[in-house]
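Given next are the chains, with one letter for each unit.
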Amino acid sequence: MLFRLALLTLLVTPSLPAVEAEALFVRRVWPLFQEKCLACHGQDEAKIKGGLDMRTLAATLKGGDSETPSLVLGKPEASPLYLATTRDHEDWEAMPPKEKDALTEAQREWLKTWITQGAPWPEEAQRQKIAQVHAKAWEAEDGLIIKTTGALSPDWANRRYPAAALWGYQPVKKPTPPVTAPHPIDALLSLHLPTGLKPAPAADARTFIRRATFDLIGLPPTPEEVHAFELAMKTTTDVEATYTQLIDRLLDSPHYGERMARHWLDVARYADSSGFANDYERGNAWRYRDYVVRSFNADKPYDQFIQEQIAGDEMVANTAQAGKSARPTSEGLIATGFLRMGPWELTGMEVAKVARQRFLDDVTNSVGETFLAHSLQCARCHDHKFDPVPTHDYYAIQACFSSTQLAERPAPFLPLENTAGFEERQYLEQRYAEHVNVLRKLDNQMLVNAEKWYAEKKLDRQAWDQAVAAARATMQNGGAKKGPGQGGKGKARNFVGVYDLARNSLQKQGLPEDQYPPKLVGFQPVDFGNERVARKGLERLKWEMERYEPYAFSVYNGRTPTMTSVNQPLRVPQDRLTAGELEQTAILGGGDPFSPTTPVQPGVLTALFETAQVQAQIPAEVEGRRSALAAWIARADNPLTTRTIVNRLWLWHFGQALAGNPNNFGSTGKKPTHPELLDWLAATLVEKGWSLKEMHRLIMSSAAYRRSAEGDIPQPADSSVHAPLNAASLTREEMEAAYAVFKPRRLTAEELRDTMLKVTGELNPTLGGIPNRPEIHREVAMQPRQVMGTFAAAWVPNPLPAQRHRRSLYALKIRGVRDPFMEVFNEPGPDFSCEAREVSTVTPQVFSLFNGQAAYDRALALAHRALKDQPADALSRVFALAYGRAPTAEEKTACTTHWQAMEVKQQALTFTTQPPPLEITREAVEENTGEKFSFQEKLPAYADFVPDLQPAAVDARTRALADVCLVLLNSNEFAYVY
C-alpha cells in the first residue's frame, strides 16, 4: 500500500503536465536520441553495441549487457542513461563516446526533465500527431530543418535555421500593393513608413534631370538639356509624359550601357591583367567589357545575360550545330570571359594542381556571389556555419566547372565592336625590336666568348663551327622567330639566337657537355640582367599583342591539360577530349586539392529543392554541365536569382539596397528592409521578360525616386489619427532608410573624372574598343614595378588627348598599377567582387581634386572653353556647364572679385614646358650573381606625345579664370547628386 502511494505521488507531482512531457519527448528527446544514440543503439539491429536497444521505451528500460535498466522513471540521478551524458560519473562510461558529440547543457536538461516527468514515450503515430499540432509554434521558436544533400555530420544535417534567416530561399510571391499610393512601389514602401511621417515633395526639374542622367548614363546633362527639361516641366499639361520622355531618351542613349557596365564590372571584378607575381596583361579582356556594354544597351533579357556569361561557348556550339550565323559565336565566346575575371596565373614556382584549384574555387564563389548573392567559399572546407549550404553543394557546383579549361579562342571581330586605334601596336613593335636588338648583341657576344672558351680549353672546335654555320643559315631563313603557337602576323615572337641554336644542335647530336660552351658563356652581371629583361620582355609582349587579334578571352570544355607554367596565351588543344586528366570532383579535406574525400557529381544548391522546389539535373558528361547550371540559375522560379538582380538595380538608383548586402543573402547578410517590395520587383522582372530597362522605368517613375533630398521633412501628417511624431526624433539616416527623402550620393571616381572631361568639352564619347591609357601621376607611372624575373613596362599614356580622354570605363585596368586619383575616391580593387561602392571622406582627396595636376588641367580647359563659348559672360557659361544653372548675384560678385585678383598674380608668372621622358633608367640586383646592374627602358609612345592645354599656351586672364573653375570643380554641388 505504501509502495503504491509512493508511485502515485511520483506520477502526479511533475511540474509539467503529461501532454507537455510527451511534447518534450517529440520535440527534443527523440530527435536527440536519433542524432546521438541510435547509430550505435538501434539503427542497425545487427550492430547494436553493448546490447542496449533504444528504439522503444521497453527496450531502453531493459538495459544492455549489464542488465541494469537504463532509465529509472522519475529519477534522472539514478538513471544510467542520464548519468552517462554527464561524462563525469565513476560508474558509467561517458556517452556519446566522442567528446565532440557530447551533449550540451541544454540537451542534458531536456533529458533530465523528461525522465523526471516519468519518461513518456508515445508511439510513432502519436508522435506524428503531436508534431503536426505544434509544427508552426516549434518552427517559429526553434527554426526549420532544411533538407540538403551530403552533410558532413548529422548535427549539421539536423540543424535548425530561424525562419527569418531563410528569406532568400523562399519562393518569390508577388504581393498586392495596398491602395495607399498610386504607384505600387510607393504603396509597398508605405508599409514601413513611420506613422505620421510625411515624405518630402518632388525634386525640382534641374535636380531631377541631373539625378536621372547620372544614374542612367553616368554623365551630367548639358546646359541645353537642363533648360529644355525645366521649360517642359513648366509648360506641360502632362508631367508624367515629360518624365517618361526624359527616361526613355536616357535609356536609348548608347552611354546607358557604359553606365550599367561600370556597375556590373564592379561585381564581376573586371581587370586587364592577371594579378599575382607576373600580372600579365590580358590583351583581349576588353572584348568582355564591351560585350557587357552591348548587352545592357540592347536590353538583353537578364536570364540570357546570365546564361551567356556562364556557358556562352556551349550555347555557341549548339547554335553552330543548328546552322545559324557566326555572329553569336563570337558573342558567346566573349561572354564567358566572366568566368576568368578573377586573378590567376601558373608559374614554374608553384604546383599546377594548386593553381588549378585556385581557379575552380574562384569561379565557384564568383558565380555564387554574382548571380545568387551567396558567398559559397564559406562552404569550401566545412559545411556552411550559418546557411543551409553543405560542403557537398559547394563541390557539386564546382563540379560543373571541373571540365572547364582556359584558352584564348578564335572569335572574329563583330560589326558592333570598335577596332579603331590598332595602329598603337607600333609602340609594342618598337619595344619588341629593342628587346630583340639586346638579345642579338648578347648572341654575338656569346659567339665571341665561345671562341675564347675553346682557346682556353684547347678543344677541337670543328663541330662547333659547323653547328654555328648551320644556325646562321637557319636564322637567314627566319627560323629564329616563332610565335606563341602559330607565329601569326603581328604576334610577339620568341628570340632564339645563333649561339643557342648551335648549342642545341650539338646537344641533340649527343656531344658531351664539356665539349661545347656552356649556356650564357662569359656573361658578366650586367649581361645576365639585360638578357633576362629582354627575354622576359618578349614573353610579356605575347600577351599584350593579343589585344589586336581576333581572339576571345574565353574557356572550353575538355580534360585538364598537363602544364607546369603558363607564360603565353593559351589555345584550345586538338586533343582536348582525350589528352590530360578527366577530373573527378570530390569534397576536399580542408579545401586541400591533395586531400580528396567523397566524390561529388555536378549539382546545385540542394536547399532550394525543398524551400522553393527548384530542382536541377546536371549532366556528368564533359560537355553541357555549365549550360545546365546556367539554366537552373536563370529559371524564373529561382528566388535567389531574381531577388539578387532587382536588389542590385535598387541599390544603383537609391544608393542603398533593399537587402543590405547584395552579394550575401545568407544569415550573416542584412535582412530586407522592405521584403514585400523586393518580391514585387523580382516577380515583375520576370513578368516583363527579364527586361532591365523596364525595371528602370518602373523604379524611376515612383514618387520615392523623384523625391527631394532637401528640407526638414518629418512632420505629423494627421495628429488626430496618429500619435504626433517628434520631428527631431528621426535622424537624417532614418529618413533616408524610410525613403521619406532622397539619399544624396557623391559621384564615383569614374564619374568625377568623366564629368570634368565632359564639362570641359574634352571627353571623347566613342564607345568600346581597346583600353586607353590616361595620364596618371608621373611618379606612379614611372615607378619601377617588379614582376617575376623582370620589370613590368612603365605606364605611358596615349600620345593624343582624344585617346587619353575617353570614359574611365575604358582605361587600362592593371591590377598592379592603381591610378591614385581613382583609388583615393574609392574605386574598388578588382581582386574581389564589389557589391557596393564605399564612400570615404579623407584628406588625400583634397590633394587629388584641389592640388592635383589632372584637376588643374580640367579647370584650365573649362576656363578656356567658357571664354571661347561666351567671352562676354564667361562666368555664367562656367556655372551653366558645371552646375546646369546661372550664378546668383552673390556668387557672380565673389567669383568676379577672385578672378580679377588672380589675374593680377598670373600676369607676374612665367611658365616653361617639360618634355616627357623618352627613356628611364632602371636599377636592380641580378638574381644569378647578386650584383647590381642597370638598363635603359625605352618609352617610344612619349615621342609622339601631345600634351593637354598648358598654362603657357593661354593668357593670364584664362589662367585666372581657371582658379575660379577649380573651386567650382571642388564644390559639393559639382561632386554630389541630390
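What counts, and where the lines are drawn
Residues numbered from 1 in each chain as written. Predicted model: local features only at pLDDT ≥ 70, side-chain atom pairs only at ≥ 80, totals over all residues. Heavy atoms only, no water. Helix = DSSP H or I, 4+ residues; strand = E, 2+ residues; numbered from the N terminus. Buried < 20%, exposed > 50% of the residue type's maximum accessible area, 1.4 Å probe, protein only. Areas by Shrake-Rupley, 256 points an atom, 1.4 Å probe, with all protein chains shown as cover. Lys, Arg positive; Asp, Glu negative; His and termini not counted. Charge placed at Lys NZ, Arg CZ, Asp CG, Glu CD. Contact = heavy atoms within 4.5 Å. Domains from an automatic or database assignment. Buried area = accessible area lost by both parts, 1.4 Å probe. Salt bridge = Lys/Arg side-chain N within 4 Å of Asp/Glu carboxyl O. Polar contact = N/O pair within 3.5 Å; in protein donor to acceptor, adjacent residues only side chain to side chain. Nonpolar A, V, L, I, M, F, W, Y, C, P; charged D, E, K, R; others polar. Core = buried A, V, L, I, M, F, W, Y, C linked by side-chain atoms within 4.5 Å. pLDDT = per-residue confidence, 0-100. Pairing = 2+ DSSP bridges. Axes fitted to C-alpha atoms, helices over the stretch in contact; angles between N-to-C directions. Parallel < 35°, antiparallel > 145°, perpendicular 65-115°, else oblique. Left-handed = near helix turned anticlockwise from the far one by under 90°.

When you go through the protein residue by residue, the secondary structure sums to 38 helices and 14 strands. Taking all 978 residues of the protein together, the buried fraction comes to 53%. A total of about 43,700 Å² of accessible surface is found on the protein, and carbon and sulfur atoms cover 54% of it. The positive charge centre, built from 111 side chains, and the negative charge centre, built from 120, are 3 Å apart in the protein.

Looking at the secondary structure, you find G368 in helix α16 (residues 352–372). Setting aside residues no more than four positions away along its own chain, G368 makes contact with A373, H374 and L376.

Quoted interface sizes are often the accessible area lost when the parts come together. Segmenting the protein into domains produces domain 1 (18–142), domain 2 (299–316 + 327–412 + 550–634), domain 3 (430–477 + 494–539) and domain 4 (746–977). Taken over C-alpha atoms, the centre of domain 2 sits 40 Å from the centre of domain 4. At the interface, six residues of domain 2 touch four residues of domain 4. Interface area, domain 2 with domain 4, both sides summed: about 350 Å², of which 58% is carbon and sulfur. Joining domain 2 to domain 4, the criterion identifies zero salt bridges. Viewed at the interface, domain 4 and domain 2 are joined by one residue pair in polar contact (both at pLDDT 80 or more). Split into classes, the residues belonging to the side of domain 2 that touches domain 4 amount to three nonpolar, two polar and one charged.

This next bit is on the nonpolar core. W264, Y288, F401, W632 and W650 are the most contacted members of the largest nonpolar core, which has 138 residues in total. If you tally residues by element for this core, the top one is helix α24 (residues 639–654), at eight residues. In this structure, Y288 is in contact with W264, L265, A268, Y270, Q309, I334, A335, G337, F338 and M341, ignoring residues within four places of it in sequence. Membership of the second largest hydrophobic core comes to 41 residues, among which are L747, A874, W899 and L961.

Bringing the confidence of the model for the protein into the picture now. Averaged over all residues, the pLDDT of the protein equals 92, while 94% of them reach at least 70. Of the regions scoring below 50 in pLDDT, residues 481–492 engages in 31 contacts with residues more than four places distant in sequence or in other chains. In this model, residues 713–728 is a region of pLDDT below 50 whose contacts with residues beyond four sequence positions or in other chains number 25 contacts.

Moving on to the pairing of strand β6 (residues 551–557). With seven of seven residues buried, β6 is to be regarded as a mostly interior element. Because side chains alternate across β6, one face comprises the buried residues Y551, F553, V555 and N557, and the other comprises A552, S554 and Y556, equally buried. Note that strand β3 (residues 404–410) and β6 share seven bridges and pair antiparallel. Bridge assignment links E408 to a residue of β6, and that residue is F553.

With respect to the helices and strands, the residue R262 is situated in helix α12 (residues 254–268). A distance of 3.1 Å separates the side chain of R262 from the side chain of D266, its partner in a polar contact. Sequence-distant contacts of R262, that is, excluding residues within four places in its chain, are made with E750, L809 and R837.

This part is about the pattern of salt bridges. Per the stated rule, a full pass over the model turns up 70 salt bridges. In this structure, the salt-bridge partner of R340 is E408, at a minimum N-O distance of 2.7 Å. One end of the pair, R340, is in the loop between α15 (327–335) and α16; the other, E408, is in strand β3, and 68 residues separate them in sequence. Here R340 matches E408 in class, with each residue buried. Between E451 and R461 there is a salt bridge whose closest N-O contact spans 3.7 Å. Of the two residues, E451 sits in helix α18 (residues 425–457) while R461 sits in the loop between α18 and α19 (462–476), which places them ten residues apart along the sequence. What makes R461 partly exposed here is its relative accessible area of 29%. Bridged by salt links that share partners, the residues E762, E775, R804, R858 and D948 form one connected network.

The next subject is the packing of helix α25 (residues 675–687) against helix α26 (residues 692–700). Here α25 crosses α26 at 140°, and the two axes come no closer than 9 Å. Of the possible angle classes, the one that applies to α25 and α26 is oblique. Handedness of the α25/α26 crossing: right-handed. Within the contact between the two elements, α25 uses W680, L681, T684 and L685 and α26 uses L692, M695 and L698. Residues that form the contact of α25 with α26 fall into these classes: six nonpolar, one polar and no charged.

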